[in-house]
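Topology and contacts: notes
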Amino acid sequence: MFDACIDYATLARFAAGIYPFILQSDLYRYLIGAGGTFLVVNTLLASWLAKRKIRVEKPTWRQMGREILASLRTVLIFSLIGLAIAVSVRLGLLTVYEYPAARGWPYFVLNVVVLIVAHDAWFYWTHRIMHRPRFFRWFHRLHHRSYNPSPWTSYAFDASEALVNAIYLPLALMIMPTSILAAFLFTGHMMLRNAIGHCGYEVFPARADGRPRFDWLTTVTHHDLHHARARTNFGLYFTFWDRVMGTEDPNYYGEFARAVGRSLTGDEVRSAADRRSRKAAV
């Protein structure tokens, strides 16, 4: 129950004291996630991964500079939502606890899994809505200026899109009490998958026949096709929603095979599409 006798001065001091740490955490997450992916995949391993480069051309330095500037604004918005979470916890409106096993380790594991799976659903549906013509200009146009994305693209959002992405976590915390470690693992996973998904090199493993080894995960090719064509492949972590809703690019398997050094025949592509359809129908 909200306490009408709040000591606002104490609350303000708490917020002022904790905000620099929240801002620093969000900034480091972006710099380590996007910067680390760029350093490892796009720089150190670029020659070794050359045959898995999805597109011939590389993102320009000018584009990446614009992406970093936009991402710093996203970091600011994320940190302000993080501050709102911290203040809400202080007021007893949300439950975030320190000891990860306080509710048992099975709950901890379930907590992390639910946060990730629910976020994938949140992202898919908000992403599709933002692609509607009436919303695209105001929410998602900046992100798609990166037609050929880089790891720095991962946070390059309009302010409105950054806010939509940021409010997922407090909404989730209203429903599911979460430990600090579970929240850390969720946000770390979010950042890393996001950066890798924009790196431009197909780093996910392939089967001998050229199809994705883990077909239930979105690969780099999967999201790269979204930046190339924009009308398909709206998922973030998993292929589930795209397949159930029929929004996966029909050329995905062929493009993935090409990215890993093998071209599927027309019959193989159709066979793979048929299998996906049957799986989605089950």
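These numbers were taken from a predicted model, which means no experiment stands behind them. (Residues numbered from 1 in each chain as written. Predicted model: local features only at pLDDT ≥ 70, side-chain atom pairs only at ≥ 80, totals over all residues. Heavy atoms only, no water.)

1. Things to note about the overall build of the chain
Keep this limit in mind: We count a stretch as a helix when DSSP gives it H or I for four or more residues in a row; a strand needs E for two or more, and each element gets its number in order from the N terminus. Only C-alpha atoms enter the radius of gyration; for comparison, a globular chain is expected to reach 2.2 Å times N to the power 0.38, where N is the number of residues. Between buried and exposed lies partly exposed: a residue is buried under 20% and exposed over 50% of the maximum accessible area for its type, with that area taken using a 1.4 Å probe on protein chains only. Any pair of residues with heavy atoms lying within 4.5 Å of one another is described as a contacting pair.
A count of helices and strands for the chain gives 11 helices and two strands. Along the chain direction, N to C, the helices and strands of the chain fall in the order α-α-β-α-α-α-α-β-α-α-α-α-α. In terms of C-alpha radius of gyration, the chain reaches 20 Å, essentially the compact-globule figure of 19 Å for 282 residues. Considering the chain as a whole, with its 282 residues, one finds that 50% of them fall into the buried category. In the chain, the share of contacts with a sequence separation of at least 24, taken over all contacts with a separation of at least 6, comes to 75%.

2. With respect to a nonpolar patch on the surface
Applicable threshold: Nonpolar side chains (Val, Leu, Ile, Met, Phe, Trp, Tyr) within 5 Å and like charges within 9 Å form the patches, drawn only from residues with over 30% relative accessible area and no salt bridge. To be clear on the numbers: accessible area is Shrake-Rupley with a 1.4 Å probe, and residue cover counts the displayed protein chains and nothing else. Definition used for salt bridges: Asp or Glu carboxyl oxygen within 4 Å of a side-chain nitrogen of Lys or Arg.
Judged by side-chain polarity, Leu39, Val40, Leu44, Leu45 and Trp48 come together as a nonpolar surface patch covering roughly 540 Å² of accessible area. Here Leu45 lies in the loop between α1 (8-44) and α2 (61-90).

3. Remarks on the packing of helix α5 (residues 159-166) against helix α6 (residues 168-175)
Put simply, the rule is: Only the contacting stretch of a helix is used when fitting its axis, a line to C-alpha atoms as for every element, and angles between N-to-C directions run 0 to 180 degrees. Orientation labels follow simple angle bins: below 35 degrees gives roughly parallel, above 145 gives roughly antiparallel, 65 to 115 gives roughly perpendicular, and whatever is left gives oblique.
Axis separation between α5 and α6 bottoms out at 5 Å; the angle between their running directions is 20°. One way to sum up the angle between α5 and α6 is to call them roughly parallel. The segment α5 lies against α6, with Val164, Asn165 and Ala166 engaging Tyr168, Leu169 and Pro170.

4. Let's talk about the packing of aromatic side chains
Defined as follows: Within 6.5 Å between ring centres, the rings of Phe, Tyr and Trp (the latter by its six-membered ring) count as paired, and their orientation is classed by plane angle as stacked under 30 degrees, edge-to-face over 60, tilted in between.
In this structure the tally under the stated criterion is 19 aromatic pairs. With a centroid separation of 5.9 Å and 45° between ring planes, the pair formed by Phe38 and Trp152 is classed as tilted. Note that Phe38 is positioned in helix α1 and Trp152 in the loop between α4 (133-139) and α5, a separation of 114 residues in sequence. Given a relative accessible area of 16%, Phe38 falls into the buried group. Each ring, one from Tyr252 and one from Tyr253, has its centre 5.6 Å from the other, and the planes form 35°; the classification is tilted. Judged by its relative accessible area of 0%, Tyr252 is buried.

5. Looking at the nonpolar core
Our working rule: Side-chain atoms within 4.5 Å link the members of a nonpolar core, which is a set of buried Ala, Val, Leu, Ile, Met, Phe, Trp, Tyr and Cys residues.
In terms of nonpolar packing, the biggest core is built from 43 residues, with Tyr30, Tyr155, Phe186 and Tyr237 touching the most fellow members. Among the elements of the structure, α1, α2, α3 (105-130), α5, α6 and α7 (180-197) are those that each provide at least two residues to this core. Tyr237 has contacts with Ile116, His119, Asp120, Phe186, His189, Met190, Arg193, Trp216, Leu217 and Thr218, leaving out every residue within four places of it along the chain. Grouped together as the second largest cluster of nonpolar side chains are eight residues, Leu11, Ile22, Ala86 and Val87 included.

6. A few points about the pattern of salt bridges
Enumeration according to the criterion identifies eight salt bridges in this entry. A salt bridge links Arg243 to Asp215, with the nearest nitrogen and oxygen atoms 3.0 Å apart. Taken together, the residues span a long stretch of sequence, with Arg243 in helix α9 (residues 240-244) and Asp215 in the loop between α7 and α8 (220-229) at a distance of 28 residues. Summarising the burial analysis for this pair, Arg243 and Asp215 share the class buried. As a salt-bridge pair, Glu248 and Arg243 come within 3.0 Å of each other at their nearest N and O atoms. Arg243 carries the same exposure label as Glu248, and that label is buried.

7. What about the layout of surface pockets?
To find leftover empty space, a probe the size of one water molecule is rolled over the atoms. Spelled out, the test is: Cavity and pocket criteria rest on a 1 Å grid covering protein atoms alone: a 1.4 Å probe that fits but cannot get out defines a cavity, protein on both sides within 12 Å along at least 5 of 7 lines defines an open pocket, and an atom within 4 Å of a point defines a lining residue. Grid points are joined across faces, edges and corners, and a volume is the space filled by probe spheres set on the points. Each residue receives one of three labels: charged for Asp, Glu, Lys and Arg, nonpolar for Ala, Val, Leu, Ile, Met, Phe, Trp, Tyr, Cys and Pro, and polar for the others, Gly being one of them.
Here the largest pocket defines a volume of roughly 830 Å³. What lines the largest pocket is a set of 30 residues, and nearest its centre among them are Ile22, Gly82, Ile85, Leu169 and Ala183. Contributing elements (two or more residues each) for the lining of the largest pocket: α1, α2, α5, α6 and α7. Tallied by class, the residues present in the lining of the largest pocket amount to 21 nonpolar, five polar and four charged.

8. Comments concerning the side chain of Asp26
Test applied: We define a polar contact as two N or O atoms separated by no more than 3.5 Å, with the added condition that, inside protein, one atom must be a possible hydrogen donor and the other a possible acceptor, whereas residues neighbouring each other in sequence contribute only through side-chain atom pairs.
Tracing the chain through its elements places Asp26 in helix α1. From its side chain, Asp26 meets the backbone nitrogen of Ser79 in a polar contact 3.4 Å long. The residues contacting Asp26, other than those within four sequence positions of it, are Val75, Phe78 and Ser79.

9. Focus: empty space enclosed by the protein
The tally for this structure, following the rule as stated, stands at two cavities of 30 Å³ or more. Considering only enclosed or pocket space, the largest cavity measures out at about 140 Å³ in volume. Forming the boundary of the largest cavity are 16 residues, of which Phe123, Ser154, Phe157, Asn165 and Asn194 lie nearest the centre. Residue contributions to the lining of the largest cavity peak at three residues, all from α3. Taken as a whole, the second largest cavity encloses approximately 100 Å³ of empty space.

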